[in-house]
Structure formats: C-alpha cells, structure tokens
Amino acid sequence: MNLKTTPLTGSVGAAVEGISLSEPLTSEVFELLREAFLRHCVLVFRDQHLAPAPQLAFARLWGEPVVPALLSKLQLGEYPELVQIRTMSKELVSTEAWHYDAPHTPVPPKVTMLSAQVVPAGGDTMWSNQYLAYERLTPVMQRMLQGLRVHFRAVRLARSQGVAASDAPSAVHPLVRTHPETGRKALYIGHPDNVMGIEGMTEAEGRPLLNFLYVHSTQPDNVYRHMWRVGDVVMWDNRCTMHYAVHDYGDQERVLNRVTLKGEAPA
Ligand SMILES: [Fe+2]
C-alpha cells in the first residue's frame, strides 16, 4: 500500500490515495491515517464504492457506531448502525446550515463518515476548521470566551423530522472545547437557529457574540468544499469542524450512507 495524503486547502481537509478501505489495514497504515485525520480534520477517499458492511467494518476501527435519536427513522433495516441520508426538500432539510453533528446531546459523536451512493449535480458539503476559528481570534477575545457555556437545541433537525421545536433535545456545552486527542482548543458553536444562547447572558449580550463567531468561523479561507462523486468516502472530526450541506439540487436523487461514532462529553 502506497499511502499518499495531500492537503485540499490551506486550512482543512486532505485527500488520501493509495488505499482501499474495503480491505484489512495494517496497524502501521491505520496509525498513518489517524495522524492525518487528527492533523487535517477531514479525510477524503475517492473511488472507494463502500457498501454498508465494509463501511461499518472500517468505521469500527475508529470507534463505536451510534445513531442519534432523532435520526432513527433513517436507519437501514439490515444495518441499524447506518443511517441513509436521502434527498429532502430544501424547506425541510436541517443541514443547510453550519453545524456540528448532535451538539444537542450530552455526548455528541466524535466522528462522522459518509459513503456516497448516488450524487446529483451539486449537493456539495463544506467543512470549517474550528481550531483555526479559535486560534485566529485575538488573545483578548480568547480570554473572554474561556469558561462560557452554550445552550444547543436541535430546532432545525426536529423540524425536519416532524418533531415540535419545544420537544427538541438540548444540551449545554463549553463554547471553547479542548480536543481530547490533540489538546487543541476549538470553537463549539452552531447555526443561530440551534444555539439558544450563552449561559448566564441575556439574549442581547450573547446573540451578537454568537453571530460574530458563526460568521468568523465560516469565512472562505477557513473552509473546504467537497464536490461529491459516487464512490467517495469522507470522514470528519466532529470535535473540531463544522459542516454545511449545500442544497442546490432540487429533487434530484442524493444518497449518502452515514455512520457516526460515539464521542466524549465536550470539555
Ligand atoms: Fe451534519
């Protein structure tokens, strides 16, 4: 195996070539992948055409698959650890907004992995580097954010699944979280619809700050935009990236098989 990792932008994402994810990996190769994953936060593997069973086998090398409660309707019958993301109307879709996966849960997943089955013209996914979003703040702002806690609520996801916003699950997490493996700090925020506020602050105090951090995090120089091809596998670190699913493809078919892996409580 001749593994080659190439950065996709100056900020986030790398393409990995010279590997077949459906074949067993040696511990040396896995360690190289792990290092690349921790460094680049998003790994792109082209031309893999991974079916559900090998996708789950590869995912299990990284951790324990989990299915967030609100997505149970999308589970694949034979592979309940796998969720199938299919075309939804633009009005209903919850993911056309910058977000971490499941910050409304006490223990959000650490990794999300998608395997592209059917892709439309369009339907790109973007990722932001939330380490850099934090590191590019001034030391004064960084100090100000220390110790703040954000109230997340899955308002958009609940709406997409026909659940009332008042019943949407919620959780409170540190606004600046420390990655348990790299020790680097990352901004933990999300789309204003899903972020209720900063604990102990009024709406008037917290909202402008959250809005600023959202815009600051998602500037073009902090983003990788992936144009999907059938057979792609993309995995990302859900402890230091936000992502955004562009919905520009109308009712064209788009099918991605998704696995998420159990994480740690943000700290
Ligand atoms: Fe997502």
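Residues numbered from 1 in each chain as written. Predicted model: local features only at pLDDT ≥ 70, side-chain atom pairs only at ≥ 80, totals over all residues. Heavy atoms only, no water.

- With an unreviewed UniProt entry as reference, the protein is termed TauD/TfdA family dioxygenase, source organism Hydrogenophaga aromaticivorans.
- UniProt lists a comment for the protein under the heading Sequence similarities (unreviewed entry), and it reads "Belongs to the TfdA dioxygenase family." (UniProt positions renumbered as here; feature names shortened; annotations may be inferred.)

### Some thoughts on the overall build of the protein
Then, number 1: Counting its secondary structure elements, the protein contains six helices and 17 strands.
Then, number 2: At 18 Å, the protein has a C-alpha radius of gyration in line with the 18 Å of a compact globule built from 267 residues.
Then, number 3: Counting only C-alpha atoms, the protein reaches 55 × 40 × 30 Å along its principal axes.
Then, number 4: Counting every position in the protein, which comprises 267 residues, the buried fraction comes to 54%.
Then, number 5: Here the contacts in the protein between residues at least 6 apart in sequence split such that 81% fall between residues at least 24 apart. (Helix = DSSP H or I, 4+ residues; strand = E, 2+ residues; numbered from the N terminus. Rg over C-alpha atoms; globule rule 2.2 N^0.38 Å. Buried < 20%, exposed > 50% of the residue type's maximum accessible area, 1.4 Å probe, protein only. Contact = heavy atoms within 4.5 Å.)

### Looking at the coordination of the iron ion
Then, number 1: In the first shell of the iron ion, the protein supplies H99 (NE2), D101 (OD) and H243 (NE2), at 2.1 to 2.2 Å from the metal.
Then, number 2: Expressed as a motif, the donor residue spacing for the iron ion is H-x1-D-x141-H. Highlighted residues: H99 in the loop between strand 6 (79-86) and strand 7 (111-118) and H243 in strand 16 (residues 241-245), separated in sequence by 144 residues. Here H99 matches H243 in class, with each residue buried. (Donors = N, O, S within 2.8 Å, 3.2 Å for Na, K, Ca; no water.)

### Quick word on the sheet that holds strand 8 (residues 125-129)
Then, number 1: The three strands lie next to each other as 14-8-16, forming an open sheet whose pairing is antiparallel. Each end of this open sheet is capped by a strand with a single partner; those strands are strand 14 (223-226) and strand 16. Each adjacent strand pair in this sheet contributes to an overall mean axis angle of 20°, direction not counted.
Then, number 2: Direction of pairing for strand 8 relative to strand 16: antiparallel, over a ladder of five bridges. Paired with N129 across the bridge in strand 16 is T241. (Pairing = 2+ DSSP bridges. Axes fitted to C-alpha atoms, helices over the stretch in contact; angles between N-to-C directions.)

### Some remarks on the sheet that holds strand 13 (residues 195-198)
Then, number 1: Pairing is antiparallel across the open sheet formed by three strands, whose spatial order is 10-9-13. The outermost strands of the open sheet, each flanked by one partner alone, are strand 10 (170-174) and strand 13. Sheet twist, expressed as the average angle between the axes of neighbouring strands with direction ignored, equals 20°.
Then, number 2: Where strand 9 (residues 149-153) and strand 10 come together, five bridges link them in antiparallel fashion. Across the sheet, F152 pairs through a bridge with A171, a residue of strand 10.
Then, number 3: Contacting strand 9 and strand 13, helix 6 (residues 203-217) crosses the sheet at an angle of about 115° to strand 13.

### Observations concerning helix 1 (residues 27-40)
Then, number 1: Spanning 14 residues, helix 1 covers 20 Å between terminal C-alpha atoms, matching the ideal 20 Å at 1.5 Å per step.
Then, number 2: Looking at helix 1, one finds that the buried residues are V29, F30, L33, A36, F37, L38 and H40.
Then, number 3: Positioned one or two residues after helix 1, C41 has a phi angle of 75°, which is positive. (Expected span 1.5 Å × (residues − 1).)

### Considerations on the layout of surface pockets
Then, number 1: Size it by volume and the largest pocket reaches roughly 720 Å³.
Then, number 2: Lining the largest pocket are 42 residues, and of these S94, T95, H99, L157 and R258 lie nearest its centre.
Then, number 3: Secondary-structure elements contributing two or more residues to the lining of the largest pocket are strand 5 (75-76), strand 6, strand 9, helix 5 (155-160), strand 16 and strand 17 (255-261). (1 Å grid on protein atoms, 1.4 Å probe; cavity = no way out; pocket = protein on both sides within 12 Å on 5 of 7 lines; lining within 4 Å. Points joined across faces, edges and corners; volume = space filled by probe spheres on them.)

### Some remarks on the pairing of strand 1 (residues 4-7)
Then, number 1: Note: strand 1 against strand 2 (residues 14-17), four bridges, orientation antiparallel. Each residue of the ladder has a partner; that of K4, found in strand 2, is E17.
Then, number 2: Counting the residues between successive antiparallel strands, the hairpin from strand 1 to strand 2 contains six residues, one of them, G13, with a positive phi of roughly 95°.

### Examining the nonpolar core
Then, number 1: One finds L145, L175, L187 and L213 to be the most contacted residues of the largest nonpolar core, which totals 42 residues.
Then, number 2: For this core, the element with the highest residue contribution is helix 6, accounting for four residues.
Then, number 3: Among the nonpolar cores identified, the runner-up in size contains 25 residues, and L43, W62, M235 and L261 belong to it. (Core = buried A, V, L, I, M, F, W, Y, C linked by side-chain atoms within 4.5 Å.)

### Topic: the environment of T112
Then, number 1: Its location among the elements puts T112 in strand 7.
Then, number 2: With residues up to four places along the chain from it excluded, the contact list for T112 reads D101, V234, M235, W236, N238, R258, V259 and T260.
Then, number 3: A distance of 2.8 Å separates the side chain of T112 from the side chain of D101, its partner in a polar contact. (Polar contact = N/O pair within 3.5 Å; in protein donor to acceptor, adjacent residues only side chain to side chain.)

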